[in-house]
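Commentary on secondary and tertiary structure
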Amino acid sequence: MTDDSKYEAVCSRDSRFDGEFFLAVSTTGIYCRPSCPANTPKRKNVRFFTTAAAAQGAGFRACRRCRPDAVPGSAEWNTRADVVGRAMRLIGDGVVDREGVAGLAGRLGYSSRQVQRQLNAELGAGPLALARAQRGHTARILLQTTSMQAAEIAFAAGFASVRQFNDTIREIYAATPSELRAARPGQGARFGPVGSQDGAAGIPLRLAFRGPYASAEVFDYLGARALAGVEEITGERGARVYRRALRLPNGAGIAEVGEAPGAGGWLECRLHLGDLRDLTTATQRVRRLFDLDADPYAVGERLGADPALAPLVTLRPGLRAPGAADPHELAVRAVLGQQVSVAAGRRLGEALLAAYGEPLRTPSGGLTRLFPSAERLAEAALGELGMPDSRRDTVRAVSAALADGAVRLDLGADRDEAEKALLGLRGVGPWTAGYIRMRALSDPDVLLTSDVAVRAGMRATGAAAVDSEGWRPWRSYAMHHFWNAAKDRGDFTKRDTHKTYDKHDKHDEHDEHEHEHEHEHEHERKDR
């Protein structure tokens, strides 16, 4: 977008661009989201920034009226596979706070200087400034949604000292922590009521998204795959609550997300954390699981241009492609789900969880365990699981590769390299590698053309694989549309849900093996 087109979006208060860019007003010294309800400033007084950190670095403070730090993240960081996109995903997950700039650079395979230079050149802010802006946002949430002491909040948000915390809050919000707390938003804002001082009641959040959000389909998708013990869904359709246990850098946590979207474009969330330093990481992982940073306008525009996909986009506006709260867990579960129905894969996952899961120190409702770590599964016998020995070998091989770093599924991983490494493991074929790439690495451009449900959905709609280049970079969303179209038509019969086990668990990797939608599985075994 040119600056003039950005200004047009500001004049129309177009919320589609919230999080995509920020505007700053030189006469007031504040920066805002494009949809800010305040009077539109004159063009000559407006500057545009790619990130909030860049606006802060230029000396602007956050608008208290539109709260630009609460906007959805830019969908650009998921579509981009370059170092800037990978760096932004890692910074969002809190890597700079935990490992410093050197740790970020190491994960990206660049020097600290190179990372600093590239981020500054493109975003107008380096990794420290970007992480600082994120810490400021986290601190504001804690100030306005809990009764914790300011000193506790400072360290929970990742600040090295109370002085640094105080200085940052003043610079970003032009207010002291006490003043910011006194200005907490009301019930109609993006944050809920105040929690208890020790956080025992959980931290209430309202997780913003842009555009329409097909929450029913997301909850259906997650509910069909929920593992009892680590996940549960309660309530009736339309008012469900998804709950899951989280393995976080500093301890365990529990996330609760409501299905009914708020009128202002958010999902209600409550986080119960063993260590409040994990707030930023937990929030980002929940956002990725529910695909809250997607741009449904861009997706709809691209996919809707295809005559076969246009009716599907109209039928399900805002359809999302759920990610993963734990990439290692997702990879193991993808292997468990090979060749079997979703229900059977879920039963295998629950058996694995019962045998090797880590008990939660304080169970909560149906949540009793954390999914076992890759390190533990790499050495596990897995005799409790009713599946072929070769599949057990694959679970151990994938777990070992994740544990020793041979396969990297962190948010900064190079997607092509990760997929190549997965395909190098015995028992992992193109479907499983692609599915892991789509969900664990939040790749919006995966199309599993060998999937029988995708083929059924394409047949039902008249779509053709040869046209899929025109769906880039949103093919993952096209695939979800096809899966839903196939399910709507009931194109899966008992014949499609069979399981086929070869005695030696091998087949030629070029064989086409049918697997169903709901089921999304493949016969993935390769002779080596």
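Read on for an overview of the structure. Please read these numbers as outputs of a predicted model, since none were measured by experiment.

**Examining the sheet that holds strand β7 (residues 241-248)**
Spatial ordering of the open sheet is given by β5-β9-β8-β7-β6, a layout of 5 strands whose pairing is antiparallel. Lying at the two open borders of the sheet, with one neighbouring strand each, are β5 (203-208) and β6 (231-234). Each strand of the sheet is rotated relative to its neighbour by a mean of 25 degrees, with strand direction disregarded. Across 4 bridges, β6 lies against β7 in antiparallel orientation.

**So, the pattern of salt bridges**
Across all of its chains, the model carries 39 salt bridges by this definition. Here D488 ties to R316 by a salt bridge, and the two come within 2.9 Å at their closest N and O atoms. Taken together, the residues D488 in helix α22 (residues 475-489) and R316 in the loop between α14 (310-315) and α15 (327-336) connect sequence positions 172 residues apart. Looking at D488, the relative accessible area reads 45%, which means it is partly exposed. Close ionic contact of D445 with R475 constitutes a salt bridge, the shortest N to O distance being 3.0 Å. Linking D445 in the loop between α20 (430-440) and α21 (452-461) with R475 in helix α22, this pair joins segments that are 30 residues apart in sequence. Looking at D445, the relative accessible area reads 14%, which means it is buried.

**Considerations on the packing of aromatic side chains**
Taken as a whole, this structure holds 11 aromatic pairs when the rule is applied. Considering the side-chain rings of W431 and Y435, the 4.9 Å spacing of their centres and the 10 degrees angle between planes classify their relative orientation as stacked. One end of the pair, W431, and the other, Y435, are both in helix α20, 4 residues apart, so they sit about a helical turn from each other. For Y435, a relative accessible area of 7% puts it in the buried group. Relative to F482, the ring of W471 has its centre 5.5 Å away and its plane inclined at 55 degrees; by these criteria the two rings are tilted. Pair noted here: W471 is in the loop between α21 and α22 and F482 is in helix α22, with a separation of 11 residues, a long-range link.

**Looking at the side chain of D451**
Mapped onto the elements of the fold, D451 is located in the loop between α20 and α21. A polar side-chain atom of D451 sits 2.8 Å from the main-chain amide nitrogen of A453. Side-chain polar atoms of D451 contact the side chain of W483, separated by 3.3 Å.

**Examining the pairing of β5**
For β5, a buried count of 6 out of 6 residues is recorded, marking the element as mostly surrounded by other parts of the structure. On β5, burial covers both faces: I203, L205 and L207 on one face and P204, R206 and A208 on the other are all buried.

**Some thoughts on the sheet that holds strand β3 (residues 46-49)**
Ordered by their spatial adjacency, 4 strands build an open sheet running β3-β1-β2-β4, and the pairing between neighbours is mixed. Both edges of this open sheet fall to β3 and β4 (61-62), since each of them pairs with a single strand only. The strands that helix α1 (residues 3-11) touches are β1 (22-25) and β3; relative to β3, the one it contacts most, it runs at about 105 degrees.

**Description of unusual backbone geometry**
Omega for the peptide link from R472 to P473 comes to 0 degrees, which places this bond in the cis form. Counting through the fold element by element, P473 comes out in the loop between α21 and α22. Although it is not a glycine, R13 adopts a positive phi angle of roughly 50 degrees. Note that R13 resides in the loop between α1 and β1. Classification of R13 by relative accessible area gives partly exposed; the value is 34%. Positive phi, normally seen in glycine, also occurs at Q339, with a value near 70 degrees.

**Considerations on the side chain of R333**
Take R333: it is sitting in helix α15. Side chain to side chain, R333 and E329 meet in a polar contact 2.7 Å long. Discounting residues that sit within four places of it in the chain, R333 has contacts with R225, A226, L227, E231 and F371.

**Some details on helix α19 (residues 415-423)**
Note: α-helices contain 3.6 residues per turn, so residues at a spacing of three or four share the same orientation. Considered for burial, the residues of α19 that qualify are R415, A418 and L422. One side of α19 holds all its buried residues, which, seen down the axis, span an arc of 65 degrees. When the buried face of α19 is taken as reference, the exposed residues oriented beyond 90 degrees from it are D416, E417 and K420. Among the structural elements, α3 (76-79), α4 (83-92) and α20 are those in contact with the buried residues of α19. Structurally, the start of α19 carries an N-cap: the backbone nitrogen of D416 is 3.0 Å from a side-chain oxygen of D414.

Here is what the cut-offs are and how they apply
Residues numbered from 1 in each chain as written. Predicted model: local features only at pLDDT ≥ 70, side-chain atom pairs only at ≥ 80, totals over all residues. Heavy atoms only, no water. Pairing = 2+ DSSP bridges. Helix = DSSP H or I, 4+ residues; strand = E, 2+ residues; numbered from the N terminus. Axes fitted to C-alpha atoms, helices over the stretch in contact; angles between N-to-C directions. Salt bridge = Lys/Arg side-chain N within 4 Å of Asp/Glu carboxyl O. Buried < 20%, exposed > 50% of the residue type's maximum accessible area, 1.4 Å probe, protein only. Phe/Tyr/Trp six-rings, centres within 6.5 Å; stacked < 30°, edge-to-face > 60°. Polar contact = N/O pair within 3.5 Å; in protein donor to acceptor, adjacent residues only side chain to side chain. Contact = heavy atoms within 4.5 Å. Arc of directions from axis to C-beta.

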